[in-house]
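Breakdown of the fold
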Amino acid sequence: MPPAQLIEVLQHTFGFSAFRANQEAVCRAAVEGSDVLLVMPTGAGKSLCYQLPAIARGGTALVISPLIALMEDQSAKLNALGLKAARIHSGLDRETSRLACREYLNGQLHFLFIAPERLRVPGFPEMLAKRRLSLIAIDEAHCISQWGHDFRPDYRLLGKYLPALRPAPVMALTATATPVVQKDILTQLGLDHPVRFIHGFRRHNLAIEVVEVSRPKRALLSLNLLKPQERRPAIIYAPTRKESVWLAQELSANFSTAPYHAGLEPEHRGRVQREFLAGKLEVVVATIAFGMGIDKPDIRTVIHTALPSSLEGYYQEIGRAGRDGKPSRTILMHSYADRRTHDFFYERDYPPVDELDLIFNKLEARPRHRTELAEELKDKLYGEIFDTALDKLMTHGGAFVDFDGNVARGDKIWRQSYISQANQRMAQLDRVLRYAESYQCRMAQLVRHFGDDDDGRRACGQCDVCSPERAIAQKFRPLSSREREMMFAIIDELQTGPKSTGKLHQEVCQCNGFSRDRFEELLGAMSGAGLLDLEEASFEKDGRSITYRKAVLTSEGAELRGSDTVTVFVRDTGQEPVRLAAPKERKRKGPELEAPLSPEAAALEERLRAWRREEAGKLGRPAFCIFSDRTLRAIAVERPRTEEDLRAIHGMGSAKIAKFGEAVRAICSEAMTQTQG
Ligand code: ADP
Ligand code: MG
Ligand code: ZN
């Protein structure tokens, strides 16, 4: 179809005057029958990219969507345009679904929306295959990947059903796919030489800020941030339902505010959404459940009162600000405590492999009911641990569970798949943490994260790193004369080449009584000003990879002279540190890791580590499946003597104690005798 005709469909059928960036190219590829992977941010206008080609190609397009609300919204919009769209999902009665099928078979539909699990209904895929589809659109396609942030097991089945629905071109659409997820989508769906469009992650009107602030202060900071009228409407993302309710309560004395989370009645949630859309509510304090598919253009501020669990989710959420293109702000609050929370959830959601094994080993080809299994394992897997572990087994193919809860043995391959997912999850957490602690342009980091490296080279000019003087959640001040002096000393030292930040501090600052904390702030400020880069590096020692950071001068940094007028800003913490702290280990490690170890504890930790390595080797599993580093350190510090002591240590479940308790206690008591003797 020539371009002139595409634009005609755009104007006449959809009522838009012009294509947005990239839409036309995407539509053209799909009209020509190519498979397409489309990764564009929320609000970029992805729906049109499958809707227009569907109309242009004629016939019925099948749209697979994970959420009832999305299906309802989209089909209503299409019907309002005079197109015929039907949907089939669990929220509708049988008659409506049956009617939709009839209309489909009669060729009366332009669009048929379904949830992926519908394909499991016997006879349904066959019914679909009776006609040739114009196109198959898979919306929110990241749900197919377990590396994505919103994995849905039912999406995984799609690949199996697609071949029967061909030759229609398949378009996978998502806003949140990192390169790993993109690859996974393509493999799982078996897309055929797809054309890829990955664009538009830079948002020009968002001023992103990240601020380190302790938990108790976050509510007040949120309130102050939202006080100026022009910063509302706003969404605040809170980490738990409880906090969303509490914070909404706190704020409602100042502006009309409501909580929103998955535990509220659907009807209630619907009302909150409607009132927020209509401007009757100014602030919504939500868990992540809020905002998917919501199209409110004038949100001025998005606040996160805790560290999000992935950059993808975070980007999605801040992306709800400023859809109208007007300047908007996003503020992320975090502190070390957030890391601990994430660790806690990680350990809860990813039980050790041996706990999964306990279940797997009990499974047989003949299905058994889950309550029977749970009962047999009740001394080893308490309460929810059983459910979590079984759930993981099922997701990774180690168990089959039918609708009635009967469990049969699956495939051994679950192990590798599970371990790599657990590692991937950990990597995601690390990624968010690095983002929060880094001193690089926030927007550039996000753009790179989504795989657009070219665009990711440009700084945004308005985040807290690019433009500290305009930040609102924290204060920055120009360097003091002493800090300036130190800055030039650092530049001098780096002229000879990159250096680890630890060494740099020792050699340049420590003798001058400049603490590690201030030094880190200064380095960050210099990095933010583009004078140096802070890079992660690592070396191998005793078979372990040890990471550190090194500082490298940029050309701007190398050319800077004392007489140049360069303004560098540091965070204004309101107080100059009085006490000169000793150099500290890198922060983000949780409380027990932060304190320096006594020589005895360090020696014990080494010994435990060696034991763990050996044990992991014997069992053929990664070390973290035995104990996490954190648990290991806690053991080294606490030196448990009794089972009671062991139980008090984080990460020591009953299964662990049963398996390793004896060995751990032996190592500890041996160490004790040695130090005493
Ligand atoms: P996405 O799925 O990428 O999040 P949508 O497809 O829901 O985004 O589109 C977001 C909004 O942009 C919708 O309100 C849609 O009507 C609008 N839109 C899409 N394409 C155009 C266009 N070419 N011109 C004007 N508005 C558009
Ligand atoms: Mg969409
Ligand atoms: Zn920036």
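Here, every reference points to the structure presented above.
Note that the structure is a prediction, hence the values are computed from the model and not measured. (Residues numbered from 1 in each chain as written. Chains lettered and ligands numbered in written order. Predicted model: local features only at pLDDT ≥ 70, side-chain atom pairs only at ≥ 80, totals over all residues. Heavy atoms only, no water.)

Some words on the site of ligand 1
With respect to spatial proximity, 13 residues lie near ligand 1, and among them A18, Q23, G43, K46 and S47 are the closest. In this structure, K46 approaches ligand 1 through a side-chain N or O atom, which is 2.8 Å from an oxygen atom. Within the side chain of S47, one N or O atom sits 2.6 Å away from an oxygen atom of ligand 1. Protein coverage of the free-state accessible area of ligand 1, which is 570 Å², stands at 75%. Class assignment of the residues belonging to the shell around ligand 1 gives a composition of five nonpolar, five polar and three charged. (Near = heavy atom within 4 Å. Polar contact = N/O pair within 3.5 Å; in protein donor to acceptor, adjacent residues only side chain to side chain. Areas by Shrake-Rupley, 256 points an atom, 1.4 Å probe, with all protein chains shown as cover. Nonpolar A, V, L, I, M, F, W, Y, C, P; charged D, E, K, R; others polar.)

Brief notes about the sheet that holds strand β15 (residues 399-401)
Taken together, three strands build an open sheet; the order of strands is β14-β16-β15 and the sheet is antiparallel. On the outer flanks of this sheet lie β14 (368-369) and β15, each paired with one strand and no other. Of the pairings in the sheet, the one linking β15 to strand β16 (residues 406-409) comprises three bridges and is antiparallel in character. Note on β16: the bridge partner recorded for F400 is A408. (Pairing = 2+ DSSP bridges. Helix = DSSP H or I, 4+ residues; strand = E, 2+ residues; numbered from the N terminus.)

Looking at the nonpolar core
Residues L62, L112, L128, I136, I138, I185 and L189 are the most contacted members of the largest nonpolar core, which totals 72 residues. Sequence-distant contacts of I136, defined by excluding residues within four places in its chain, comprise L62, I64, L162, L165, A168, P169, V170 and M171. Core analysis: the second largest hydrophobic core is formed by 33 residues, L10, A85, A115 and M171 among them. (Core = buried A, V, L, I, M, F, W, Y, C linked by side-chain atoms within 4.5 Å. Buried < 20%, exposed > 50% of the residue type's maximum accessible area, 1.4 Å probe, protein only. Contact = heavy atoms within 4.5 Å.)

Overview of helix α4 (residues 68-80)
Its 13 residues place the ends of α4 18 Å apart at the C-alpha level, agreeing with the 18 Å of an ideal helix rising 1.5 Å per residue. Within the sequence span of α4, burial applies to L70, M71, Q74, S75 and L78. Projected down its long axis, α4 carries its buried residues within an arc of 115°, all on one side. Every exposed residue of α4 that faces more than 90 degrees away from the buried side is listed here: A69 and A80. In this structure, the buried side of α4 is in contact with α3 (46-57), β3 (85-88) and β4 (111-114). Note on α4: the residue one or two positions beyond its end, G82, has a positive phi of about 90°. (Expected span 1.5 Å × (residues − 1). Arc of directions from axis to C-beta.)

Some remarks on the coordination of the zinc ion (ligand 3)
The zinc ion (ligand 3) binds to the protein through C441 (SG), C460 (SG), C463 (SG) and C466 (SG), with metal-donor distances spanning 2.2 to 2.4 Å. One can describe the site at the zinc ion (ligand 3) as tetrahedral: its four donor atoms subtend angles covering 102 to 121° at the metal. Note on C466: relative accessible area 26%, which makes it partly exposed. (Donors = N, O, S within 2.8 Å, 3.2 Å for Na, K, Ca; no water. Tetrahedral: all angles 85-135°; square planar, octahedral: opposite > 155°, others 65-115°.)

Note that every value here comes from positions in space, so none of it alone points to a role or purpose.
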